[in-house]
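Summary of structural features
If you want the building blocks of each chain, they are given just below.
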Amino acid sequence: MSAGTPRWDGLITGISLATLDGAGYGEIPDAALGWQNGRIVYVGPRADLPAPEDTLADQVIEASGWITPGLVDCHTHVVFAGDRAREFEMRLQGESYEAIARAGGGILSTVRAVRAASEDELLAQSLPRAKALVADGVTTLEIKSGYGLDLANERKMLRVARRIGEVLGIEVRTTYLAAHALPPEFSDDADGYIDAVLEWLPMLHGEGLIDAVDAFCEGIGFTPAQTRRVFEAAHTHGLPVKLHADQLSDLGGAGLVAEFDGLSADHVEYTSAESVQAMAGHGTVAVLLPGAFHVLRETKLPPLDAFREHGVPMAVATDCNPGTAPLLSLRQAMQLACTHFRLTPEEALRGATVHAARALGLDDRGVLKVGARADFVLWDIGHPAELGYWLGGRLCLGVFAGGRLIA
Ligand SMILES: N=CN[C@@H](CCC(=O)O)C(=O)O
Ligand SMILES: [Zn+2]
């Protein structure tokens, strides 16, 4: 390094890299990774470092294992109060998710718990879940509202989401999902409730609480016409959209969100061939949620081959929520995606990194390359395929976000 060149903040050597830049895993054996001001400044063979290691950086770490990009969990409901273990028991005894929802349980039972909790209580209950995700490699976390269903409680959820990002030192992306279920005070007036959802949107957006807008388009959620109104309003306020689409039936949700240049269509088990083509045409990512598929004991697979054939990127997320996916590890979601959906471990890793980043509209992470955010994870593994292979256990040796060790 020439005189006057600033030293890097950090350099890690002795590791293998799965950069995901280019084909396959983008493997670099006996590699080095350097960062400065929160960004990657060197990715490559250790032998090609521009100067002796000890002169390059303030902090030089000699390690072993594999480094991948930090994981991006692009679909979670991690902010909630209480749990739904009793509902899980009822479902195991034969009650359906839809029947429980129609009887006022399901999402609405979590709404009651969230409304009863103070902001600090909600943070105290939600933070351990976010911490567990981070401890297994997550450096960017999407969190949805949708268990408040009135202005004060949607605001409370979104504020807690932002506070989680500050406490954990990760980037949290917030999604406004007030169109998740019909609250009791609007029973029989879904259109009136959508009016209210659209009234709250600019207020919460003005408070800096919303990065994207979502809805639950389903028989037990909202109709395509109501969803369209939500999307039109989001676009009016310059916000990107995503959708809980085609989870339990095909209402054309994935095609609808694509029509609005949506970031992602999520769940997508019942997505039609026509909707897949629309997604391909608009660059809409398919977010696979194998945790909900697994817990609900679903059998209808998403149209995986059609996504591959049309070049629709597939992301993988936990969908961490109290009803259908009490899942606290994105690596575990990757394993479920491989087992249930037959993703290759490489597809699952891309799904939890670069494609997940794209599902959030982020292009500065999810791969290890110069200029990207210094978000990366050191794993105690012999090959990156192990990340889609092990069930549980501890593989994560260190999680770095913006170049800072956070777990
Ligand atoms: N499908 C709708 N929303 C959540 C589940 C919410 C709940 O049951 O609490 C999901 O993504 O799976
Ligand atoms: Zn969801």
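Residues numbered from 1 in each chain as written. Chains lettered and ligands numbered in written order. Predicted model: local features only at pLDDT ≥ 70, side-chain atom pairs only at ≥ 80, totals over all residues.

For histidine 180, the position within the fold is in the loop between strand E8 (171-179) and helix H7 (190-206). In this structure histidine 180 comes out as buried when scored by C-beta crowding, with 26 C-beta atoms within 10 Å. Taking the C-alpha atoms as reference, histidine 180 lies 8.3 Å from cysteine 217; in sequence the two are 37 residues apart. Leaving out residues up to four positions away in the same chain, histidine 180 has contacts with Ile107, Gly146 and Phe216. (Helix = DSSP H or I, 4+ residues; strand = E, 2+ residues; numbered from the N terminus. Buried ≥ 20, exposed ≤ 12 C-beta atoms within 10 Å, placed from the backbone. Contact = placed C-beta atoms within 7 Å.)

On to the UniProt feature "binding site: 4-imidazolone-5-propanoate" (unreviewed entry) in the protein chain, then. When the UniProt feature table is mapped onto this chain, "binding site: 4-imidazolone-5-propanoate" (unreviewed entry) is found at Arg84, Tyr147, His180, Gln247 and Thr324. Position of tyrosine 147 among the secondary structure elements: in the loop between strand E7 (138-144) and helix H6 (151-168). Ignoring anything within four residues of it in the chain, the contact list for tyrosine 147 reads Phe80, Ile107, Thr110, Val111, Val114 and Met157. Examined against the element boundaries, threonine 324 turns out to sit in the loop between strand E13 (314-316) and helix H13 (330-341). A tally of 25 C-beta atoms within 10 Å means that threonine 324 is categorised as buried. With residues near it in sequence (within four places) discarded, threonine 324 still touches Tyr97, Ala292, Val295, Leu296 and Asp319. (UniProt positions renumbered as here; feature names shortened; annotations may be inferred.)

Glancing now at H6. Counted at 1.5 Å a residue, the expected span for H6 with its 18 residues is 26 Å, and the 26 Å between its end C-alpha atoms agrees. The set of residues buried in H6 consists of Asn153, Glu154, Lys156, Met157, Leu158, Val160, Ala161, Ile164 and Leu168. (Expected span 1.5 Å × (residues − 1).)

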